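Understanding the architecture of this molecule
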Amino acid sequence: MRKQPSEKKKNVLGIAIAAVIAITMIGLTFSSVPFLGSQQQNVERFNGFEVVQGQTGYQVEVDSQVFSFLTHPADAAGVSAEPAAVQKLRSARMVYLTSNFTDAQAPAIAAAQFSLHRILQRQNTYAETAFTAPNAAGLKVITCANASATVPVLLFRSANETTSVSMEGSCIIATARSASSFARIADRFGYELLGVLGNGQ
């Protein structure tokens, strides 16, 4: 029996989403490996932490774990973010990371979400990826309406607006217009959760 065209489209979409997530995870897994064999271009102290610049970005070691970033802490600090947003992530034991699976910046959003997973895991926060609408990947449908005081939602969305992180109740909204801007947002969260940013930074 032949599949209906709509079913074929859903299967293709599901495979595409899975491929994007898999490629993103593989790439970022390798980027979390220390700069073995690559020439260190610069080592500096930032807010008490040693920041190593290599060929693929920046790395910071915290509690014997090495974390990779695409932007320098000072650059990430330039992202406009409500202080309550980071505090909400810091205190949460579970958080949903959601987005529109048809977003024009879907690959960049997937990369930003994955980079946060490891850092949230370090503080024993369970992060679950979701989408804002029914999807072929079978992930949960989560929007800001599902956010609660104990389980916040972090919504990534692209828009032709200034890169920012805002709050609507217990929903954190990360807005950016480009892939590099989503990387800066993820790095802003990461640096703050690790303590690299803060104390007036």
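Computed from a predicted model, the values in this text were never measured in an experiment. (Residues numbered from 1 in each chain as written. Predicted model: local features only at pLDDT ≥ 70, side-chain atom pairs only at ≥ 80, totals over all residues. Heavy atoms only, no water.)

1. Quick look at the overall build of the protein chain
A tally of helices and strands in the protein chain yields five helices and ten strands. At a minimum sequence separation of 6, the contacts of the protein chain that also span at least 24 residues come to 61%. Of the accessible surface of the protein chain, which amounts to about 10400 Å², a share of 54% is contributed by carbon and sulfur atoms. (Helix = DSSP H or I, 4+ residues; strand = E, 2+ residues; numbered from the N terminus. Contact = heavy atoms within 4.5 Å. Areas by Shrake-Rupley, 256 points an atom, 1.4 Å probe, with all protein chains shown as cover.)

2. Re the state of the cysteines
With the rule as written, the count across this model stands at one disulfide. Covalent S-S linkage joins Cys-144 and Cys-171, the inter-sulfur distance amounting to 1.9 Å. When the S-S torsion is -50°, as for the bridge of Cys-144 with Cys-171, the disulfide is left-handed. With Cys-144 in the loop between strand 7 (126–131) and strand 8 (153–158) and Cys-171 in strand 10 (residues 171–176), the pair connects residues that are 27 residues apart, well separated along the chain. (Disulfide = S-S within 2.5 Å.)

3. A look at the confidence of the model for the protein chain
Across the protein chain, the average pLDDT comes to 84, with 78% of residues at or above 70. Here residues 1–16 is modelled with pLDDT under 50, and outside its nearest four sequence neighbours on either side it reaches seven contacts, counting other chains as well. Scored below 50 in pLDDT, residues 22–38 makes 27 contacts in the model with residues more than four places away or belonging to other chains. (pLDDT = per-residue confidence, 0-100.)

4. A look at the sheet that holds strand 1 (residues 42–46)
If you walk across this open sheet you meet the four strands as 1-2-3-4, and the pairing is antiparallel. Where the open sheet ends on each side, the last strands, each with one partner, are strand 1 and strand 4 (65–69). When strand polarity is set aside, the average angle formed by the axes of neighbouring strands in this sheet is 30°. Where strand 2 (residues 49–54) lies against strand 3 (residues 57–62), four bridges are found, and the strand directions are antiparallel. Counterpart to Val-52 in the pairing with strand 3 is Gln-59. Lying on the sheet, helix 5 (residues 179–194) is in contact with strand 2, strand 3 and strand 4; it crosses strand 4 at an angle near 155°. (Pairing = 2+ DSSP bridges. Axes fitted to C-alpha atoms, helices over the stretch in contact; angles between N-to-C directions.)

5. Side note on unusual backbone geometry
Phi at Asn-47 is positive, roughly 55°, even though this residue is not glycine. In this structure, Asn-47 sits in the loop between strand 1 and strand 2. At Asn-124, a position not held by glycine, the phi torsion is positive, near 60°. Since its relative accessible area comes to 63%, Asn-124 is described here as exposed. (Buried < 20%, exposed > 50% of the residue type's maximum accessible area, 1.4 Å probe, protein only.)

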